[in-house]
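# Understanding the architecture of this molecule
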Amino acid sequence: MSESLLFGLYVFALAVFVGYQVISKVPHLLHTPLMSATNAISGISLVGSLVAAGGRYGRLSTLLGVVAVTAATINVVGGFLITDRMLRMFRKGPGAGSEPQH
Amino acid sequence: MATLSIRDTLIQLLYLAAAILFVQGLRGLGAAKSARRGILYAEIGMLFAVIGTLLHNDIISYQWILIGLIAGSAIGTMMGLWIPMTKMPERIALSHAFGGIAVALVGIVEYIEHMDLMRESTLHITATGLEVGLGALTFTGSLMAFGKLQGVITGKPVTFPGQNASNGLLIAVTLGLIGYLIYSPDSAWAFYAIVVLGTVLGVSLVLPIGGADMPVVICLLNSYAGLAAAATGFALKNNVLIICGALDGGSGFLLGMMMSKAMNRSFTNVLFGAFGATPEAAAATAGGGPAPNVGTIDDSVEVLKSARSLIVIPGYGMAVSQAQHAVRDLAAALIAQGTSVRYAIHPVAGRMPGHMNVLLAEANVPYDQLYDLDLINDEFTTVDVALVVGANDVVNPAARNNKQSPIYGMPILNADLARSVIVLKRSLNPGFAGIENELFVRPNTMLVLGDAKRTILSFTAGLKAS
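Calculation rules
- Residues numbered from 1 in each chain as written.
- Chains lettered and ligands numbered in written order.
- Predicted model: local features only at pLDDT ≥ 70, side-chain atom pairs only at ≥ 80, totals over all residues.
- Helix = DSSP H or I, 4+ residues; strand = E, 2+ residues; numbered from the N terminus.
- Expected span 1.5 Å × (residues − 1).
- Buried ≥ 20, exposed ≤ 12 C-beta atoms within 10 Å, placed from the backbone.
- Arc of directions from axis to C-beta.
- Contact = placed C-beta atoms within 7 Å.
- Axes fitted to C-alpha atoms, helices over the stretch in contact; angles between N-to-C directions.
- Parallel < 35°, antiparallel > 145°, perpendicular 65-115°, else oblique.
- Left-handed = near helix turned anticlockwise from the far one by under 90°.
- Nonpolar A, V, L, I, M, F, W, Y, C, P; charged D, E, K, R; others polar.
- Domains from an automatic or database assignment.
- Core = buried A, V, L, I, M, F, W, Y, C linked by C-beta atoms within 7 Å.
- Pairing = 2+ DSSP bridges.

What follows is about helix 19 (residues 452–465) of chain B. Residue and element names in this part refer to chain B. When the terminal C-alpha atoms of helix 19 are compared, their 20 Å separation across 14 residues agrees well with the 20 Å that a helix rising 1.5 Å per residue should span. Restricting attention to buried positions, one finds in helix 19 the residues A452, K453, T455, I456, F459 and T460. For helix 19, the angular spread of the buried residues around the axis is 165°, confining them to a single face. Considering only its buried residues, helix 19 is in contact with helix 13 (297–305), helix 14 (316–320), helix 15 (324–336), strand 4 (385–389), strand 5 (420–425) and strand 6 (445–449).

Once that is clear, we can look at the packing of helix 3 (residues 46–54) of chain A against helix 2 (residues 32–54) of chain B. Packing of helix 3 of chain A against helix 2 of chain B brings their axes to within 9 Å, and their N-to-C directions diverge by 30°. If you check the angle between helix 3 of chain A and helix 2 of chain B, you find them roughly parallel. Remark: the crossing between helix 3 of chain A and helix 2 of chain B carries right-handed chirality. Touching A:L46, A:V47, A:L50 and A:V51 of helix 3 of chain A are B:A49, B:V50, B:T53 and B:L54, all from helix 2 of chain B.

Another aspect to go through is the interface of chain B and chain A. When the parts of a complex come together, some accessible area is lost, and that lost area is often taken as the interface size. On the chain A side, the residues contacting the 106 residues of chain B number 85 residues. Per element, the largest residue contribution to the side of chain B that touches chain A is 16 residues, and it comes from helix 4 (residues 88–113) of chain B. Looking at the side of chain B that touches chain A, its residues break down into 65 nonpolar, 28 polar and 13 charged.

The next point concerns the environment of B:T232. Relative to the elements of secondary structure, B:T232 occurs in helix 9 (residues 214–236). Taking C-alpha positions, B:T232 is 9.8 Å from B:G135, a pair spaced 97 residues apart along the chain. Discounting residues that sit within four places of it in the chain, B:T232 has contacts with A:S45, A:G48, B:V103, B:V106, B:G107, B:E131 and B:L241.

Assigned domains within chain B: domain 1 (1–56), domain 2 (88–277) and domain 3 (291–465). With centres defined by C-alpha atoms, the gap from domain 1 of chain B to domain 3 of chain B works out at 43 Å.

Residues and elements named next belong to chain B. Residues I313, A386, V388 and V389 are the most contacted members of the largest nonpolar core, which totals 188 residues. A total of 17 residues in this core trace back to one element, the largest contributor, which is helix 9. For V388, the contacting residues outside a window of four places in its chain are I313, V395, A415, V421, I422, V423 and L424.

On to the sheet that holds strand 4 of chain B, then. Residues and elements named next belong to chain B. Read across the open sheet, the 6 strands follow the order 3-2-1-4-5-6; overall the sheet is parallel. A strand with exactly one partner marks an edge of an open sheet, and here the two such strands are strand 3 (370–372) and strand 6. Strand after strand, the sheet turns through a mean of 25° between neighbouring axes, direction not considered. In the sheet, strand 2 (residues 340–345) pairs with strand 3 via 3 bridges, with the strands oriented parallel. Residue pairing for strand 3: I345 is matched across the bridge by D372. Strands in contact with helix 15 are strand 1 (309–314), strand 2 and strand 4; relative to strand 1, the strand with the most contacts, it is inclined by about 175°. Against the sheet, helix 16 (residues 355–362) contacts strand 1, strand 2 and strand 3, and its axis sits at roughly 145° relative to strand 2.

Encoded structure:
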């Protein structure tokens with residue numbers, strides 16, 4: 001087993017634990033925003049995509065890299081926008097929307 | 001380990017900050033009050049990660065990067081601003097597809113350009129193989145889920161004999177090919193075969209799963225997308241990728257488990273059980289039973305007028321007919337006449353976790369009127385009216401008392417214990433899961449057929465007219 005695999009497994013295992021603790025505390029109310037947020041965070045594959053699109057690579061690789069950057073950026077930008085749009089709507093209020101706000 | 005250059009140190013510190021901000025961001029989602037601040041943290045984290053990557057030595061030209069970033073931002077902004085809340089499950093499914101393809105393409109570029117590393121390191125080739133396999137699977141699997149939710153592909157489970165065996169074989173072959181690549185990293189055919197098998201698996205694993213089980217599938221695809229990103233992290237030796245992948249993978253898995261539990265089914269049963277495959281058989285047995293009590297708008301308005309307390313039970317039908325605003329207005333009219341109104345939210349109502357909460361929030365319903373199943377289920381015995389808006393399986397008493405029913409044991413909302421029940425339903429057909437519902441034929445239940453939104457608008461008009 002290489003040192004970097006071992007190191008990576010440590011990071012992975014600890015992150016899974018932290019993730020479990022944090023995510024199990026998210027109430028049912030916010031499960032859709034949670035999915036949307038993790039979706040935006042999964043756009044972190046940008047980190048790999050950017051290098052693929054901008055590295056000293058062949059034409060095919062650059063093209064694939066650009067598609068990857070585009071796809072990941074859609075998730076980052078769209079994911080964060082939509083999560084915030086959703087969360088803005090959640091409000092605690094008096095009365096059952098007796099005064100509809102449009 | 002060698003000491004890092006100043007530039008690399010800066011990059012790694014930015015990644016570290018990003019990882020911390022992501023965790024803080026998810027922590028913020030623990031309560032509605034802190035959620036938006038949490039998302040802001042996560043956004044800053046993403047900015048740090050992108051800046052860190054752009055500082056990378058390997059990047060020599062920014063022109064293609066810029067094109068991708070601009071195209072992605074434009075499409076992402078349009079999707080972010082214009083997709084209606086009712087289409088949220090579809091959007092989530094689609095974005096998992098984007099995530100899957102991004103990861104798979106990064107893996108392919110890695111294989112084309114870094115053959116030397118593949119030959120050198122077992123970890124590198126294994127992780128890259130897993131990455132492209134999982135990425136391709138997530139891509140086609142999510143497209144299938146999207147098609148099922150959108151109605152392009154039939155929501156019924158599509159099955160053939162020996163399906164699980166052949167899927168198992170496909171998985172075994174894919175893993176075998178990854179193993180083969182370790183010994184022969186130059187065998188490009190094996191690498192690309194993994195990509196192809198991944199795309200096939202995505203289709204064949206999701207196709208047999210029924211539409212009502214899509215919440216679990218979406219969670220699972222979320223999990224796969226995360227694991228694929230984590231595999232990328234192992235291949236590129238990038239910790240922020242590993243951490244985000246683990247957070248995502250863990251989150252999807254946890255939500256999937258919660259959803260399965262709320263349906264009283266195991267994960268494996270959802271994935272391989274082809275639930276709802278025989279609606280005809282179920283319908284046939286109930287064919288001879290009592291006829292449902294179909295009521296008119298006027299009948300229902302009379303019931304609503306005399307109700308002192310009411311619980312709304314929303315389901316997927318509310319999303320389909322976009323009735324959330326109409327429901328809010330009806331609730332306002334009821335409150336104006338002195339009726340107490342609460343909402344009971346079943347964990348699997350709708351097509352994704354938390355679907356109903358978002359729709360009602362969109363309609364300006366304050367979230368302190370929304371109650372989870374365990375908080376409100378004892379209240380039904382004391383409530384005058386349970387108003388079921390397009391929900392079906394989550395209020396089916398068969399889950400409590402019919403051992404033959406496929407949903408036996410699933411926790412349900414006790415709508416049938418309310419003094420009277422009004423059920424809004426599009427037609428007399430069984431629901432998405434294809435199971436007969438005895439709640440509909442009970443003497444204290446009144447069925448009002450038609451589009452839920454129009455029915456509710458007429459209820460409100462009827463209440464106000466008197």
